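Observations on the model geometry
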Number of protein chains: 2
Amino acid sequence: MTSKRPAETEPVLWRIGEVAKLTGVTTRTLRYWEELGLLRPSNHSQSGERLYVATDLSRVTRIRKLQDLLGLSLAEVQAVLATEAVDVLDRVHSEIDAVDLPPSRRKELLDDGIVANDELLARLDDTLSRIQAFRDERAAIAVRLRESRAQLDEDAGAGTGVGNGRPVARA
Amino acid sequence: MTSKRPAETEPVLWRIGEVAKLTGVTTRTLRYWEELGLLRPSNHSQSGERLYVATDLSRVTRIRKLQDLLGLSLAEVQAVLATEAVDVLDRVHSEIDAVDLPPSRRKELLDDGIVANDELLARLDDTLSRIQAFRDERAAIAVRLRESRAQLDEDAGAGTGVGNGRPVARA
DNA sequence: CCATGTGTTGACGTTTACGTTATGCTTAGT
DNA sequence: ACTAAGCATAACGTAAACGTCAACACATGG
């Protein structure tokens, strides 16, 4: 329902340098990722220039997140993203229902995508809980440190007769 | 209060191979970290063998956590741990109050330690929230994927006449 | 039309964080 | 006492993820 017709599926292509500025990764990195098969620009100019589309851009940030937030190697990122083409296919499917995939194949892809996404979710939750535990640990230490400092101040105040505000400096 | 006297401050020293087995890092890694100044064994045998104590052990796991959970480089780990000697000093202080640090210096160290620990906490919280955001994103996608699959099943049931439970297997 | 910027494909260099011998000494079990 | 483990130092190797030229091709604004 409500099938909008957006003029003519406006292309909007970016050159590699523009992508670099927009996403914060270097052009070298983009070429390297392509070399690994991680990010294939969806278009090329007739002269051989790489031309990226919006989904390519979001893929760039996704790769970086998987690298930075989960510490995945590019090989692992590739594995995760392999089954995730589904996700893109799915968006395409829900926005444009033109693509002519047989429904059986489409369901297969969707199921794969659901599995992959769930695995990623599980991994995220695992990482979250591990970091959370570490955080709690450090929070407890923070409390202990402050207690120790308070104790020190207290001792200084009550203890030896020197009890003015300034502790004695020593070489 | 309740000052226990634990026999004679039982040494408990571990050789590098034992540390490796206990912590899960290789001996090479331990030597490498030492080379970088990250982990200096608190003792040496007369023949030159590295001998580690309990706090060294916990330092090993702390280093690994900073590496794995926060993705810090060893240089960054070193920076974090630099001011954290305080933390160790503090534990020593609270368990044995023998060490002869002037209170002024002790307070200084404690304050540094509090700052460092708080910075680490902030970093942990930041990382946590970034991963959490990513997680939420993927959770939303999980929902969308399942909706799409349900939609597919629904279409299949209502649409063409093939509607039996089993999707067609294809080579 | 020409200068300048941006792109392309190599190819080699670099950093980090270790792995892997090699060689010799020490410690430990029998 | 002797042999097998384990440790020490030293040096070279390696995998990942890019950085950094080099040399040449477009393309684009004045």
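Please read these numbers as outputs of a predicted model, since none were measured by experiment.

Lining the immediate surroundings of DNA strand D are 17 residues, of which A:Ser73, A:Leu74, B:Arg15, B:Gly17 and B:Arg50 lie closest. Across the surface near DNA strand D, the residue classes break down as four nonpolar, seven polar and six charged.

Residues and elements named next belong to chain A. Read across the sheet, three strands follow the order S1-S3-S2 without closing on themselves; strand pairing throughout is antiparallel. At either end of the open sheet lies a strand with only one pairing partner, and these are strand S1 (14-15) and strand S2 (43-44). As judged from the two bridges shared by S1 and strand S3 (residues 50-52), these two strands associate in the antiparallel manner. When the bridges of S3 are listed, Trp14 appears paired with Tyr52.

Here the focus is the packing of helix H1 (residues 16-23) of chain A against helix H3 (residues 54-70) of chain A. Residue and element names in this part refer to chain A. It is at 11 Å that the axes of H1 and H3 come closest, and there the two elements cross at 45°. Judged by the inter-axis angle, H1 sits oblique to H3. Every pair of crossing elements has a handedness; the one defined by H1 and H3 is right-handed. On H3, the residues that touch Val19, Leu22 and Thr23 of H1 are Leu57, Val60 and Thr61.

A few words now on the sheet that holds strand S1 (residues 14-15) of chain B. Residues and elements named next belong to chain B. The three strands are arranged S1-S3-S2 in an open sheet whose pairing can be described as antiparallel. Bordering the open sheet on either side are S1 and strand S2 (43-44), each of which pairs with just one other strand. In the sheet, S2 pairs with strand S3 (residues 50-52) via two bridges, with the strands oriented antiparallel. Each bridged residue has a counterpart across the sheet, and for His44 the counterpart in S3 is Arg50.

With that settled, the discussion passes to the confidence of the model for chain A. Residues and elements named next belong to chain A. Mean pLDDT for chain A: 83, with 77% of residues reaching 70 or above. Summarising per-element confidence for chain A, the mean pLDDT is lowest in helix H5 (residues 85-95) (67) and highest in helix H2 (residues 27-36) (98). Overall, residues 1-10 carries pLDDT values under 50, and its contacts beyond four positions in sequence, including any with other chains, amount to zero contacts.

Glancing now at the protein's contact with DNA strand C. Of all residues adjacent to DNA strand C, which total 18 residues, the nearest are A:Gly17, A:Arg50, B:Ser47, B:Ser73 and B:Leu74. Those elements giving two or more residues to the surface near DNA strand C turn out to be H1 and H2 of chain A together with helix H2 (27-36) and helix H4 (74-82) of chain B.

On to the interface of chain A and chain B. Counting from both sides, the interface comprises 43 residues of chain A and, opposite them, 43 residues of chain B. Going through the elements one at a time, H3, H5 and helix H6 (103-158) of chain A are the ones with two or more residues in the side of chain A that touches chain B. With 31 residues, H6(A) is the largest single contributor of residues to the side of chain A that touches chain B. Residue composition of the side of chain A that touches chain B, by class: 19 nonpolar, nine polar and 15 charged.

Residue and element names in this part refer to chain B. For helix H3 (residues 54-70), with 17 residues, the first-to-last C-alpha span of 24 Å sits near the 24 Å given by 1.5 Å per residue. Among the residues of H3, Asp56, Arg59, Val60, Arg62, Ile63 and Leu66 are the ones counted as buried. Each element contacted by the buried residues of H3 is listed here: helix H1 (16-23), H2, S3 and H4. Just past H3, the residue Gly71 takes up positive phi, approximately 65°.

Between the two copies, chain A and chain B, the superposition gives an RMSD of 0.3 Å; the rotation angle is 179° and the shift along the axis is 0.0 Å. The transformation relating the two chain copies, once decomposed into turn and shift, fits a two-fold axis. Most of the interface of chain A is mirrored in chain B, where 98% of its interface residues again form contacts.

Turning our eyes to something else, we now look at the environment of B:Ala82. All names here are of chain B. Mapping Ala82 onto the fold places it in helix H4. The exposure class assigned to Ala82 is partly exposed, which follows from the 13 C-beta atoms found within 10 Å. Taking the C-alpha atoms as reference points, Ala82 and Leu145, separated by 63 residues in sequence, lie 47 Å from one another.

Parameters at a glance
- Residues numbered from 1 in each chain as written.
- Chains lettered and ligands numbered in written order.
- Predicted model: local features only at pLDDT ≥ 70, side-chain atom pairs only at ≥ 80, totals over all residues.
- Near = placed C-beta within 6 Å.
- Nonpolar A, V, L, I, M, F, W, Y, C, P; charged D, E, K, R; others polar.
- Pairing = 2+ DSSP bridges.
- Helix = DSSP H or I, 4+ residues; strand = E, 2+ residues; numbered from the N terminus.
- Axes fitted to C-alpha atoms, helices over the stretch in contact; angles between N-to-C directions.
- Parallel < 35°, antiparallel > 145°, perpendicular 65-115°, else oblique.
- Left-handed = near helix turned anticlockwise from the far one by under 90°.
- Contact = placed C-beta atoms within 7 Å.
- pLDDT = per-residue confidence, 0-100.
- Expected span 1.5 Å × (residues − 1).
- Buried ≥ 20, exposed ≤ 12 C-beta atoms within 10 Å, placed from the backbone.
- Least-squares fit on C-alpha atoms with pLDDT ≥ 70 in both.

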